[in-house]
Amino acid sequence: NTFRQSRERKFPLCAWALKAAEAGHLWSWHIIGDIYWNGRAVERDLPYALECYKKTASYGNDSYACRQLGRLYFNGWGTAVDYAQAVQWLERDKEPEGIKYDLLGICYLLGRGCQQNPARGKAFLEKSQDSPYKSYGLGMMYAEGIGVRENIEKGVGYLKAAGNYEPAIEALKHYKKSLFGVWRRK
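S.K.: How do you make sense of the nonpolar core when you look at a structure like this?
M.R.: General note: in soluble globular proteins, nonpolar side chains tend to be found buried as a group. Ranked by internal contacts, the top residues of the largest apolar core, which has 47 residues, are I32, F74 and Y136. Top contributing element to this core by residue count: helix α4 (residues 46–57), with seven residues. Setting aside chain neighbours within four positions, we find Y136 in contact with I106, L110, R112, L159, A162, Y165, P167, A168 and A171. Of all hydrophobic cores here, the second largest spans seven residues; its members include L109, L125, M141 and I146.

S.K.: Which parts of the structure should I look at to understand the environment of G181?
M.R.: Relative to the elements of secondary structure, G181 occurs in the loop between β1 (175–177) and β2 (183–185). You can call G181 partly exposed: its relative accessible area is 34%. For the pair G181 and E153, spaced 28 residues apart in the sequence, the C-alpha separation amounts to 9.8 Å.

S.K.: Would you take a moment to explain the pattern of salt bridges for this structure?
M.R.: If the charged atoms of two oppositely charged side chains come close together, the side chains can form a pair. Scanning all chains against the criterion turns up seven salt bridges. We note a salt bridge from R67 to E95, for which the minimum N-O separation is 3.1 Å. With a gap of 28 residues between them, R67 in helix α5 (residues 63–75) and E95 in the loop between α6 (83–92) and α7 (98–110) connect regions that are remote in the sequence. For E95, a relative accessible area of 37% gives the class partly exposed.

S.K.: Would you explain the environment of W27 in this entry?
M.R.: Looking at where W27 falls in the secondary structure, it is placed in helix α3 (residues 27–38). In this structure, the C-alpha to C-alpha distance between W27 and P47, residues 20 residues apart in sequence, is 18 Å. If sequence neighbours within four positions are ignored, W27 has contacts with T56 and D62.

S.K.: Could you clarify how one ought to interpret α3 in this entry?
M.R.: Along an α-helix, residues three or four positions apart point the same way, because every turn accommodates 3.6 residues. Compared with an ideal rise of 1.5 Å per residue, which puts 12 residues at 16 Å, α3 spans 17 Å between its outermost C-alpha atoms and is within 8% of the ideal. Here α3 lies mainly inside the structure; nine of its 12 residues are buried. All buried positions along α3 are accounted for by S28, W29, H30, I32, G33, D34, I35, Y36 and W37. Positive phi appears at G39, one or two residues downstream of α3, with a value of about 65 degrees.

Scoring rules and cut-offs
Residues numbered from 1 in each chain as written. Predicted model: local features only at pLDDT ≥ 70, side-chain atom pairs only at ≥ 80, totals over all residues. Heavy atoms only, no water. Core = buried A, V, L, I, M, F, W, Y, C linked by side-chain atoms within 4.5 Å. Buried < 20%, exposed > 50% of the residue type's maximum accessible area, 1.4 Å probe, protein only. Helix = DSSP H or I, 4+ residues; strand = E, 2+ residues; numbered from the N terminus. Contact = heavy atoms within 4.5 Å. Salt bridge = Lys/Arg side-chain N within 4 Å of Asp/Glu carboxyl O. Expected span 1.5 Å × (residues − 1).

Take a look at the structure:
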């Protein structure tokens, strides 16, 4: 209780949102989640943001909170990586958002947290806008021949386009160029 009181004195917006949430205004949990996700007005606290998003998303009709939960579980931010939870929450997001398509595309393409379905994964990635996630997913699809004809060179191109995205960097370690300039698995 003293933690809550000190939080209220330092951050009036947080206090207002917390009082509204406790009074039954579920959207306020969404606002509090954002405050702790961003860490601008308070110290960033992703586990607490996760709790707040769950409170509003559990009642339905908050696509944004579902998307945020999917992102948190997919990346292991504030919690352990849990692809099944990520898929569950992202599937409940009813808005056409790029990040949702990116993450669901990777999950279905590679069978992370769901039954592998390369066609569905590819369809999600094609709906997505350019991002490191999309480049990684397409890179894995072509380099490994998942649901498409294998094309390591094209796959490596996509993996390189993912930039500093760690899974793409790791995946690139499995390929090399031959003396004749042809990409092969190591």
